[in-house]
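These are the residues of each chain, in order.
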Amino acid sequence: MMARGEMARRSLLPLTVVVACVVSLAAQQRPDRSKPPALGPAPSLHLPAIQKRTLSNGLPVWVMEAHKVPLAQVNLVVMAGSGDDPSGKFGVANLTAAMLDEGAGSRSSLEIADAIDYLGADLTTASNSDASAVRLNVPVARLRDALPIMADVALRPTFPQQDLERLRQERLTALLQARNDPSALAPLAFARVLYGTMHRYGTGQQGTETTLKAFTRQDLVAFHDAMYQPSSAMLIVVGDITADGVMPLLEQQFGSWKATTPSRRTLVPRAPQPPQTEITIVDVPMAEQSQIRVGLVGVARSTPDYFPLQVLNTILGGSFTSRLNQNLREQHGYTYGASSRFDMRLSPGPFLAGAGVQTDKTAESLTEFFKELNGILAPIDAQELSRAKNYVALGLPAEFETIADLAAHLEELAIYTLPGDYFQTYVSNIQAVTAAAVQKAAATYIQPKKLAVVVVGDRKVIEPRIRALNLGPIRFMTVDQVLGS
Amino acid sequence: MRRTIILALVLLAAPLSAQAPAPPTAVPAKLEVPYRLFTLANGLTVILHQDRSVPIVAVNIWYHVGSANEHRGRTGFAHLFEHLMFEGSKNVKEGEFDNLLEAAGGNNNGSTTNDRTNYVIDVPSNALELALYLESDRMGYLLDAMSPERVNGQRDVVKNERRQSYENRPYGMAEIELDQLLWPENHPYSWPTIGSMEDLTAASYEDVVAFFKKYYAPNNASLVIAGDIDLDRTQALVHKWFDEVPRGKPVEPVAPPAALLTTVTRKTMTDDQARLPRVYLAWITPRMFAPGDAALDVVSSVLAGGKNSRLYKRLVYDTQMAQDVSAFQQSGALGSEFTIVATARPGKSVTDIQKVIDEEMDRLRKEPPQPREVERAVNQIEANFYRGMERVGGFEGKANQLNAYYTAGGGPDYFAEDLARYTSLSPSDVQAAAIGWLPADRRVELIVEPEAQK
């Protein structure tokens, strides 16, 4: 059952038995509310060890035991994503991943879904800029039944032509649906403005109408053959298993996977920064809100400034008390929420701040975005700094509750080749960030005179007042330019 | 649709062995969430549950008031009020609620439905007392800090929430329209929890004062604390911070008018953000946990859960007349709503899609589903119970589910009984639910047409 009519504060958003009625201190004096209770020492998170094994074909296996719930999570990660899409074939990595479970081994798309659903399992295939993955979550008692299907899906997809046509039409239709939806258009328009049509990061993961129409079955087969190799893949297993118990099962299903030709990947090149601040308006007539995105080219995940940037972004737009949210939501009421983030990939992804704001406050909102993006360059108040560091560092344990969360964090370690003690040292690395380091990071990475600004909204209402702000040149982008090749 | 939750028993999970072949459907049968329940002298019900696997604590409070307690002219008020609960109280200055929790590494949120308002605070376990201090201060002393300015500030935020979720989202307004068509005009489920723009404008500071006094008393709330806690110490802390909050007057239960569809209601509306036509079919169905509620969850799965479900396979997979189809039972305390939604592919007709839906509904009414269709649905539901045992906090963790079960009138640890509602279903139970609750001649049919494109 789904609860009726739920609205959350934020997005990102009988018969009872009295078992005990022990301590009744009702008569005691009232508590002291003049100041918040002091906090004791923060607890530390003790993660189970990562047990590193290898299958006979060299495929690395990381195992983490978590015995709380009788479930197992098995992720096969392939180090190939849309960053590896060849020029002219933007979207092939994503479509390849999406097609993996549409026919594999001896099973059809429907047979795979029936078998997996019947086991109460969850099998997903996905791809982002940097990697692709097949992920299985299953009651541990049924792991043995589900693994062979997962292995077929990852290693032996058949890419049936009729299923390819179905997915192609589904994706083309989704692009059509995005045309009137400001919140779907805004991220695509921003990527297009910042990176252009030629750079891989300038086009959505799924590609464009043109590339989607052109993909052949052979394109997918070729991408899978070239990039899905045991030499550039690994298995992550988390849950109610033991390493010794699970290894024979993995060996049976994945141990005979042989490399054909070694795959090579070339990193997406770093994109240049915008030469100057420029506003791009995408017209969606009658929109009740304008979707704003402001930003520039950010950093790669390998940046040495990772920890100062986490703290910086928390202060600017990465938490509820962040400056952008406090200003645009709490102080002005222009939006339901404003935020920012550094999208870190193998190559520098965007830094972007954004919000959906009411149409008649679009220009005012832009003014406030610029105020905060300039303001973050000034020295940071000690209390604000301390709050942000604690929020990031002390909130870490909550990210490790489920086996899917644990496996996702292990994927991050593997894809970005982070040190083995990364999570053990995470808290001290955050706590070591100084005000000077945050200020230096802001000066380096937030450049208010070189911002790409995208506004998706009702042009005839918003343009005159945006123009009057004199933030920079204004240009217009059609929806075809946002979504096209 | 099910979003249920389960608990994990450390004891019954035998580590996987490479030797023992697993039986095809051998999931541990027992779900158990031990808890301690007590009631303060002021009427506050408290439920404690210990789970020390991660050093965090979830503090989850439900006030038993939602948009169903509103009246026309002030729709959206329960949710607007929820926003005001974060704006400070007598001893917590404006902004400090969030500042203090973030400085402790915590997160918080709140949500409002037709039937209840909940607040969640998730903190590292050393900050439990801070969370209780904040939660009790706004329960006891919210009005000392309330002002018309604060109401105005959150009024603007909520109006933008409405724009983002409804006006500026394709098909957003259809969801509001559907409830208006389905429920009688004076039934509280006929208006949206977010409220109308006019009513949000009309909400006043005086309304806030009256609403708080009427509904935000300890005797109209239940508090769950789950996670890395010591039970005795936590119980003592609850007494320390909540005992002094005075009891309020008893709250009268909502007495809705009868809601019964007697005919087919049809409407067509246009949406300037939609590109494709969409059809909604909706029925009034049994309330949460009443006979038929669980069977209708399984009906939704047989119809539209997964690629092999009847409607997905015919509409999306085989004929590709539809871009998507979904079916779900939205359960409420006063009644539920079963909805089927399908979006046409470009050039396809929603009339033809509706014909297919009707054929499949007829088939389900005429003969029970195959046993495998029901088993497939129930196995997925069962696995989701276990997935729900992994988290203590947030809107979907154990703390919230304990509160949900308690509020619905079962014991807080109703997990196994809830699962049994599904595992005991036979194919003919599923058929009976379709016959009894989803008739072709008593329902709402709403069609959304895109505005002509330039």
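On a predicted model such as this, the values are computed, not experimentally measured, just so you know.

## Remarks on the overall build of chain A
What chain A contains, in helices and strands, is 17 helices and 16 strands. The C-alpha radius of gyration of chain A comes to 25 Å, within 12% of the 23 Å expected for a compact globule of 485 residues. For the C-alpha atoms alone, the extent of chain A along its principal axes is close to 70 × 65 × 50 Å. Looking at chain A residue by residue over its 485 residues, the buried ones come to 52%.

## Concerning the domain arrangement of chain A
Residues and elements named next belong to chain A. The domain architecture assigned to chain A consists of domain 1 (51-254) and domain 2 (270-483). Measuring from the centre of the C-alpha atoms in domain 1 to the corresponding centre in domain 2 gives 28 Å. Residue-level contacts link 38 residues of domain 1 with 36 residues of domain 2. Among the elements of the structure, β4 (60-65), β5 (71-78), β9 (132-139), α4 (161-178), α5 (182-195) and β10 (233-239) are those that each provide at least two residues to the side of domain 1 that touches domain 2. In terms of residue count, the dominant contributor to the side of domain 1 that touches domain 2 is α5 (12 residues). Taken together, the residues of the side of domain 1 that touches domain 2 break down into 24 nonpolar, 10 polar and 4 charged.

## Overview of helix α13 (residues 398-408) of chain B
All names here are of chain B. With 9 of its 11 residues buried, α13 lies for the most part within the structure. For α13, the complete set of buried residues consists of K398, A399, N400, Q401, L402, N403, A404, Y405 and Y406. G409 sits one or two positions beyond α13 and adopts a positive phi of about 105°.

## Some words on helix α11 (residues 362-375) of chain A
All names here are of chain A. Between its first and last C-alpha atoms α11 spans 20 Å; for 14 residues at 1.5 Å apiece the expected length is 20 Å, and the two agree. Looking only at α11, the buried set comprises T362, S365, L366, E368, F369, E372 and L373. Angular distribution of buried residues about the axis of α11 spans 160°; they occupy a single face of the element.

## Focus on the sheet that holds strand β15 (residues 452-457) of chain A
All names here are of chain A. Taken together, 6 strands build an open sheet; the order of strands is β13-β14-β12-β15-β11-β16 and the sheet is mixed. Here the strands that pair on one side only, and so sit at the sheet edges, are β13 (335-342) and β16 (474-477). Across the sheet, the axes of successive neighbouring strands diverge by a mean angle of 20°, strand direction being ignored. Seen against the sheet, helix α10 (residues 323-331) touches β13 and β14 (350-358) and runs at an angle of roughly 160° to β13.

## A look at the nonpolar core
If you look at the biggest cluster of nonpolar residues, it comprises 275 residues, and the most contacted ones within it are M150 of chain A together with V298 of chain B. Element by element, the count of residues in this core is highest for α5 of chain A, at 10 residues. Shared between two domains, this core takes at least three residues from each, and those domains are domain 1 (51-254) and domain 2 (270-483) of chain A. Aside from chain neighbours lying at most four places away, what touches M150 of chain A is V74, L123, V134 and L136 of chain A.

## Here's the deal with the confidence of the model for chain A
Across chain A, the average pLDDT comes to 94, with 95% of residues at 70 or higher. Note on residues 12-27 of chain A: pLDDT under 50 across the span, and 29 contacts to partners over four residues away in sequence or across chains.

## Re the environment of G81 of chain A
Residues and elements named next belong to chain A. In this fold, G81 is placed in the loop between β5 and α1 (92-99). Spatially, the C-alpha atom of G81 lies 7.2 Å from that of N94, the residues being 13 residues apart in sequence. Each residue touching G81, except ones within four places of it in the same chain, is listed here: A93, S127, N128, S129, D130, A131 and S132.

## With respect to the pairing of strand β5 (residues 117-124) of chain B
Residues and elements named next belong to chain B. The element β5 is extensively covered by neighbouring structure, given that 8 of its 8 residues are classed as buried. Note that strand β3 (residues 56-63) and β5 share 8 bridges and pair antiparallel. Pairing of I56 across the sheet is with P124, part of β5. Taken together, strand β4 (residues 107-112) and the strand that follows it, β5, pair antiparallel across an intervening segment of 4 residues.

How each quantity is defined
- Residues numbered from 1 in each chain as written.
- Chains lettered and ligands numbered in written order.
- Predicted model: local features only at pLDDT ≥ 70, side-chain atom pairs only at ≥ 80, totals over all residues.
- Helix = DSSP H or I, 4+ residues; strand = E, 2+ residues; numbered from the N terminus.
- Rg over C-alpha atoms; globule rule 2.2 N^0.38 Å.
- Buried ≥ 20, exposed ≤ 12 C-beta atoms within 10 Å, placed from the backbone.
- Domains from an automatic or database assignment.
- Contact = placed C-beta atoms within 7 Å.
- Nonpolar A, V, L, I, M, F, W, Y, C, P; charged D, E, K, R; others polar.
- Expected span 1.5 Å × (residues − 1).
- Arc of directions from axis to C-beta.
- Pairing = 2+ DSSP bridges.
- Axes fitted to C-alpha atoms, helices over the stretch in contact; angles between N-to-C directions.
- Core = buried A, V, L, I, M, F, W, Y, C linked by C-beta atoms within 7 Å.
- pLDDT = per-residue confidence, 0-100.

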